[in-house]
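These are the residues of each chain, in order.
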Amino acid sequence: MKKLLMLGTSLGSLDIVRTAQALGCHVIVTDYLPPELSLAKRGADEQWMISTGAVDELELRCRKEGVDAVFAGVSEFNLDRVLDLCERLGLPCYFDRSAWEYARNKARFKELCRATGVPVAGEFRLDEGDIIALHAGSPEAPDASLRFPVVVKPVDGCGNRGVSFCHDRTELLEAWQLVREVSDNPRVLVEEYVSGVEYCNVYALADGEASLLCVRTGFKQPGYPTNLYILGTTVAEHVEEYVRDINPAVTRMLKEAGCHDGLAWIQAIRDNEGRYSVLEMGHRLSADMVFDKMVTMTGFDAVRWVVECQLGVRHTADQLPQSQEHAFRDCANAYLLFAERAGVVSQIVGVETVANWAGPLTRQEESVSVELLIHPGDAVKQHQLVGKVTFHSVDCDGLCEMVRFINRELRIVDDDGHNMFVRFTDLGRVSATYERSLESW
């Protein structure tokens, strides 16, 4: 029996644990969390209380215990450590440092996109001297070259950490300082603000070839920040347009980046005039972890695919799933739970009720997955991600029914008796998108 070490506890970690166990692995989960605060540890065969950042200690323990594979969920910090350990221990890893650098450095990624014909947002090249001049009100400050609004972001951040939307010089200066607080990289990205529909398009990789697994969109609740996408779903229009106009360049870019195996995804925005801007790339599982809900739709188990990569299984291009060409009729969905306001969790109600839901527009063998990152007594910040619900429905009516059910039955309550997570209610827009997506069928 092979031993697989899982680094950390994050959304989707339990899915990976169960997948590895189904492949016959003895799964160990390590981080600083006690088992009562970690679903992944409670589901694992063994638990270690070693921090994922303690690479030297982990290397010694892995050698002593005869660990055969190392993996992590969606945390890029932990995946950095996975790469370190795999190199030290001589274990297989689906990504190498060259490909990983494009996923970790947005500036290098944009350079690669330009070189391979992938459209990206316009950029304003500012350095520390320009910011000092702006702060001092110098006549040499680059106000003339700037066109607000702009987006300011670190080159090495993920999960919107350090990202700001700026409408004037004062906000730009504040955003620059925020980036300096979260990143040591001297480069700061200042990009034109692009408004439109946001996509997260996932690719399965094998032997240097890429297949478009799915086109996904994100919907936000009106009145909340523009980067707070609550519903991630395969309900997406303009699929044929993306496949025809953008996909060839993206697959070329992934090959040039050295993304040979596993999974990759790109985040893109399509504006109202039909222009795409690709923003960043991930060479990992995506945070919504909706992949098990897509197996019925595509016949492809993405979590199993990447776990097999870490176990040394060599996939070939002919094993890749068929590339998506049209919008899906079925819907794979992730309802991300964001805290509406700061507070302390008092109680959590309705988890089992939601998990046991069996609506008329689902298949009997499929389940709803509820995964929470918080527990009673935890303090949460405003707009903090506190959990997710993933589910499959045979059409958009089933999606809407399930979202209403979650809104009605699931409650994360604070000390004042108020529900703490942002409820998604903009279902009319989702339904309209679904209807338009099927017009080409």
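The structure displayed is predicted, hence computed values, not measured ones.

Now for the packing of aromatic side chains. In total, this model carries nine aromatic pairs according to the counting rule given. Plain terms: the ring middles of Phe-71 and Tyr-94 are 6.3 Å apart, the flat faces sit at 75° to each other, and that makes the pair edge-to-face. Taken together, the residues Phe-71 in strand 4 (residues 69-72) and Tyr-94 in the loop between helix 4 (76-89) and helix 5 (97-104) connect sequence positions 23 residues apart. Neither residue differs from the other here; Phe-71 and Tyr-94 are each classed as buried. Both rings, one in Phe-300 and one in Trp-305, keep their centres 5.0 Å apart while their planes meet at 55°; by these two values the pair is tilted. The exposure class assigned to Phe-300 is buried, which follows from its relative accessible area of 7%. Each member of the aromatic cluster is reached from another via a ring pair, and the members are Phe-71, Tyr-94, Phe-95 and Trp-100. Taking NZ or CZ as reference, Arg-61 lies 4.4 Å from the ring centre of Trp-48, over its face. The aromatic ring of Tyr-102 is capped on one face by Arg-108, whose charged end is 4.6 Å from the ring centroid.

Now for the sheet that holds strand 7 (residues 188-192). One open sheet accounts for three strands, arranged 6-5-7; its pairing is antiparallel. Two strands in the sheet have a free side with no partner beyond their single neighbour: strand 6 (164-166) and strand 7. Geometrically, the sheet is characterised by an average inter-axis angle of 25° between neighbouring strands, direction not taken into account. Where strand 5 (residues 150-154) lies against strand 6, three bridges are found, and the strand directions are antiparallel.

Further remarks concern the sheet that holds strand 12 (residues 276-282). Spatially, eight strands are ordered 12-11-8-9-10-13-17-15 in an open sheet, and the strand pairing comes out antiparallel. The two strands at the open ends of the sheet, each matched to only one other strand, are strand 12 and strand 15 (369-372). Across this sheet, the average inter-strand angle for adjacent strands is 20°, counted without regard to direction. Across three bridges, the pairing between strand 10 (residues 229-233) and strand 13 (residues 331-338) is antiparallel. Looking at the pairing, Leu-231 lines up with Tyr-335 of strand 13. Lying on the sheet, helix 10 (residues 247-257) is in contact with strand 8 (197-206), strand 9 (209-220), strand 11 (262-270) and strand 12; it crosses strand 8 at an angle near 50°.

Attention shifts here to the packing of helix 14 (residues 396-409) against helix 15 (residues 427-437). Here helix 14 crosses helix 15 at 165°, and the two axes come no closer than 10 Å. Comparing their axes, helix 15 and helix 14 come out roughly antiparallel. In this structure, helix 14 crosses over helix 15, and the sense of that crossing is right-handed. Here Cys-396, Leu-399, Cys-400, Val-403 and Arg-404 of helix 14 come into contact with helix 15, specifically with Leu-427, Val-430, Ser-431 and Tyr-434.

Bringing the pairing of strand 2 (residues 26-30) into the picture now. Burial of strand 2 is extensive: five of the five residues sit out of reach of the surface. Neither face of strand 2 is exposed, since His-26, Ile-28 and Thr-30 on one face and Val-27 and Val-29 on the opposite face are all buried. At this point the chain moves from strand 1 (residues 3-7), through helix 1 (residues 13-22), to the parallel strand 2, and the crossover so formed is right-handed. Pairing of strand 2 with strand 3 (residues 46-48), which is carried by three bridges, proceeds in the parallel orientation. Looking at the pairing, Thr-30 lines up with Trp-48 of strand 3.

Parameters at a glance
Residues numbered from 1 in each chain as written. Predicted model: local features only at pLDDT ≥ 70, side-chain atom pairs only at ≥ 80, totals over all residues. Heavy atoms only, no water. Phe/Tyr/Trp six-rings, centres within 6.5 Å; stacked < 30°, edge-to-face > 60°. Helix = DSSP H or I, 4+ residues; strand = E, 2+ residues; numbered from the N terminus. Buried < 20%, exposed > 50% of the residue type's maximum accessible area, 1.4 Å probe, protein only. Lys NZ or Arg CZ within 6 Å of the ring centre and 35° of its normal. Pairing = 2+ DSSP bridges. Axes fitted to C-alpha atoms, helices over the stretch in contact; angles between N-to-C directions. Contact = heavy atoms within 4.5 Å. Parallel < 35°, antiparallel > 145°, perpendicular 65-115°, else oblique. Left-handed = near helix turned anticlockwise from the far one by under 90°. Right-handed = clockwise from strand over helix to strand, strands pointing away.

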